Amino acid sequence: MNFDVKAVPSPSYVVEEQLLINNLQKMKTIIDQTGCKILLAQKGFSMFEVYPLIGEYLNGVTSSGLLEARLGYEEMGKEVHTYSPAFQEDEFDEILRYSDHLVFNSFAQWRRFKGRIQKSEKHVECGIRINPEYSEIEVDMYNPCFSHSRFGVTSADFAPDLLEGISGLHFHTMCEQNSDTLWRTIQVVDEKFGPYLKQMKWINFGGGHHITRADYDNATLIHSINFMKDKYGLDVYLEPGEAVALNTGFLVATVLDTLHNGMPIAILDTSASCHMPDVLEMPYRPEIIGASLPNEKPYTYRLGGPTCLAGDVIGDYSFDAPLQTGDRLVFCDMAHYSMVKNNTFNGMNLPSIALHTVKGETKIVKQFGYEDFKGRLS
Ligand SMILES: *Cc1c(COP(=O)(O)O)cnc(C)c1O
């Protein structure tokens, strides 16, 4: 962390530009070495203030529907890919306007919208999402291949007779994984869908590639990409979300009060439920700078949010000194799946968004208030 925690409003998400650039450089190395294309999955990180910067390294964005497609089109202006589990009739023409690639979740969806694509002036590459029924994700919540999954066409349901106009296949079966998982997945995809890949121009390996993690094995990723390029002559796309923003941002919060109920408790101005929902949903324990596991340091506290939800608890942490009202705490790795998932439940305001630039300036990009809360209600 290189910024002054007192120089930002509390709470706020602070992204460090240099950390983001480090991640983007790692990804650009893969692009340069293989000729693959890497897209930002906006579902994981949509801080459009830095889209121009991301666009200097990556090839574009991937979107889950109309709103993300438009955001990527307007704010980055490079390739826009859109996949949705089901497109809506009344949104489709606008999605078509923003998108360069459209990926359909079923052959029925493809048949429904094919005519509208063919009628439009614009050239769009169309693909089908496949479900290779192979995933190493153990948590069902994050496993697109769990039983009765709604994502993608299995090999049993694949309809080769409907492939006219389809130029690519897409799979997304990974989450926070290394490239050994990818390589095993590629072999399954090859075995089950090889005959169809021969007719394709491109393949999209989806997201879940933890490319920017310290122990990530680039060589196996490069091998996997080259396998599909060499065997089938395919252009290869990857669309990581999390990896783009991994370890690039922080959430700065303040202690509002401390109390005691069987153990010391601190109430913060940030909420697990509203500002870091994955802490409850995933669930996971975010790191705090200078804090340790309970009882490792002399002063252990249960940290909770200011909402009225009993379970709005971030976790138990120990500190070198007793927490005081006004102390600032800095949560790590809060750039991805935070801003995109937060909410104003219980009338909680949203954290401000700040960027610490490579020049050393801390820019407050956006602050929120009553109008944002009111604006999504009626
Ligand atoms: C969520 C998602 C991604 C990005 O996943 P990360 O785990 O953030 O890398 C990419 N593609 C699709 C289709 C997704 O649903």
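None of the values given here were measured: they were computed from a predicted structure.

Draft legend 1. Examining the packing of helix α3 (residues 66–75) against helix α4 (residues 89–98) more closely. Taken N-terminus to C-terminus, the directions of α3 and α4 make an angle of 25°; their axes are 9 Å apart at the nearest point. On the basis of their axis angle, the class for α3 and α4 is roughly parallel. For α3 against α4, the interelement crossing comes out left-handed. Residues L66, A69, R70 and Y73 of α3 lie in contact with α4, whose contacting residues are E91, E94, I95, R97 and Y98. Of the residues in the contact of α3 with α4, the class split is five nonpolar, no polar and four charged.

Draft legend 2. Structural view of a nonpolar patch on the surface. Together, L280, L309 and F345 give the surface a local cluster of nonpolar side chains, amounting to about 240 Å² of exposed area. For L280, the position within the fold is in helix α10 (residues 278–281).

Draft legend 3. Spotlight on unusual backbone geometry. A cis amide bond, omega -5°, links S10 with the succeeding residue P11. Looking at the secondary structure, you find P11 in the segment before β1 (12–16). The amide bond that connects M282 to the next residue, P283, takes the cis arrangement and shows omega of -20°. We note that Y337 has phi near 50°; this positive angle belongs to a residue other than glycine. For Y337, the position within the fold is in the loop between β14 (328–332) and β15 (352–356).

Draft legend 4. Examining the UniProt feature "domain: Orn/DAP/Arg decarboxylase 2 C-terminal" (unreviewed entry) in the protein chain more closely. Mapped onto the present numbering, the UniProt feature "domain: Orn/DAP/Arg decarboxylase 2 C-terminal" (unreviewed entry) falls on residues 173–334. Between the C-alpha atoms that bound residues 173–334 there is a distance of 23 Å. The span itself is 28% helix and 26% strand.

Draft legend 5. Structural detail: the site of the ligand. The ligand sits among A41, K43, R129, H170, H172, G207, G208, E239, P240, G241, E242 and Y337. Within the backbone of G208, an N or O atom sits 2.8 Å from an oxygen atom of the ligand. Backbone polar atom of E242 to an oxygen atom of the ligand: 2.8 Å apart, as the coordinates give it. Here the ligand has 390 Å² of accessible area as a free molecule, and 89% of this is covered by the chains. Across the shell around the ligand, the residue classes tally to three nonpolar, five polar and four charged.

Draft legend 6. Representation of the domain arrangement of the protein chain within the structure. In terms of domain boundaries, the protein chain breaks down into domain 1 (5–13 + 249–334 + 342–375) and domain 2 (35–245). Centre-to-centre separation of domain 1 and domain 2, based on C-alpha positions: 34 Å. Contact residues are listed per partner, giving ten residues for domain 1 and eight residues for domain 2. Taken together, the two surfaces of domain 1 and domain 2 that pack against each other cover about 680 Å², and 60% of this comes from carbon and sulfur. When the buried surface of domain 1 facing domain 2 is broken down by residue, E281, M282 and L355 rank first, second and third, together holding 55% of it. Measuring nitrogen to oxygen at the nearest pair gives 2.8 Å for the salt bridge that ties K363 to E49. Summed over the shared surface of domain 1 and domain 2, the result is one residue pair in polar contact (both at pLDDT 80 or more). Elements supplying a minimum of two residues to the side of domain 1 that touches domain 2: α10, β15 and β16 (362–366). Classifying every residue of the side of domain 1 that touches domain 2 by side-chain character gives five nonpolar, no polar and five charged.

Draft legend 7. How the structure looks around the packing of aromatic side chains. As enumerated under the stated definition, the model contains 18 aromatic pairs in all. Judged by centre distance (5.0 Å) and plane angle (55°), the rings of Y73 and Y98 are tilted. Residue Y73 is located in helix α3, and its partner Y98 is located in helix α4; the two are separated by 25 residues in the primary sequence. Note on Y73: relative accessible area 43%, which makes it partly exposed. You can call Y98 buried: its relative accessible area is 8%. On the basis of an interplanar angle of 70° and a centroid distance of 5.4 Å, the ring pair of F87 and F104 is categorised as edge-to-face. One end of the pair, F87, is in the loop between β4 (79–84) and α4; the other, F104, is in strand β5 (residues 101–104), with 17 residues separating them in the sequence. Cluster of aromatic residues (ring-pair linked, three or more members): F87, F92, F104, W110 and F113. Its guanidinium or amino end placed over the ring of Y98, R97 lies 5.9 Å from that ring's centre, counting from NZ or CZ.

Draft legend 8. Just the sheet that holds strand β6 (residues 125–129), in detail. Strand order in the closed barrel formed by eight strands is β2-β3-β4-β5-β6-β7-β8-β9, and the pairing between neighbours is parallel. Adjacent strand axes in the sheet meet at a mean angle of 25°, parallel and antiparallel pairs treated alike. Pairing between β6 and strand β7 (residues 166–170): four bridges, direction parallel. From the neighbouring strand, I128 faces β7, where its bridge partner is L169. Helix α7 (residues 218–232) contacts β8 (202–204) and β9 (235–238) of the sheet and is inclined by roughly 140° relative to β9.

Rules used in this analysis
- Residues numbered from 1 in each chain as written.
- Predicted model: local features only at pLDDT ≥ 70, side-chain atom pairs only at ≥ 80, totals over all residues.
- Heavy atoms only, no water.
- Axes fitted to C-alpha atoms, helices over the stretch in contact; angles between N-to-C directions.
- Helix = DSSP H or I, 4+ residues; strand = E, 2+ residues; numbered from the N terminus.
- Parallel < 35°, antiparallel > 145°, perpendicular 65-115°, else oblique.
- Left-handed = near helix turned anticlockwise from the far one by under 90°.
- Contact = heavy atoms within 4.5 Å.
- Nonpolar A, V, L, I, M, F, W, Y, C, P; charged D, E, K, R; others polar.
- Patch = residues over 30% accessible without salt bridge, like charges linked within 9 Å, V, L, I, M, F, W, Y side chains within 5 Å.
- Areas by Shrake-Rupley, 256 points an atom, 1.4 Å probe, with all protein chains shown as cover.
- Salt bridge = Lys/Arg side-chain N within 4 Å of Asp/Glu carboxyl O.
- UniProt positions renumbered as here; feature names shortened; annotations may be inferred.
- Near = heavy atom within 4 Å.
- Polar contact = N/O pair within 3.5 Å; in protein donor to acceptor, adjacent residues only side chain to side chain.
- Domains from an automatic or database assignment.
- Buried area = accessible area lost by both parts, 1.4 Å probe.
- Phe/Tyr/Trp six-rings, centres within 6.5 Å; stacked < 30°, edge-to-face > 60°.
- Buried < 20%, exposed > 50% of the residue type's maximum accessible area, 1.4 Å probe, protein only.
- Lys NZ or Arg CZ within 6 Å of the ring centre and 35° of its normal.
- Pairing = 2+ DSSP bridges.

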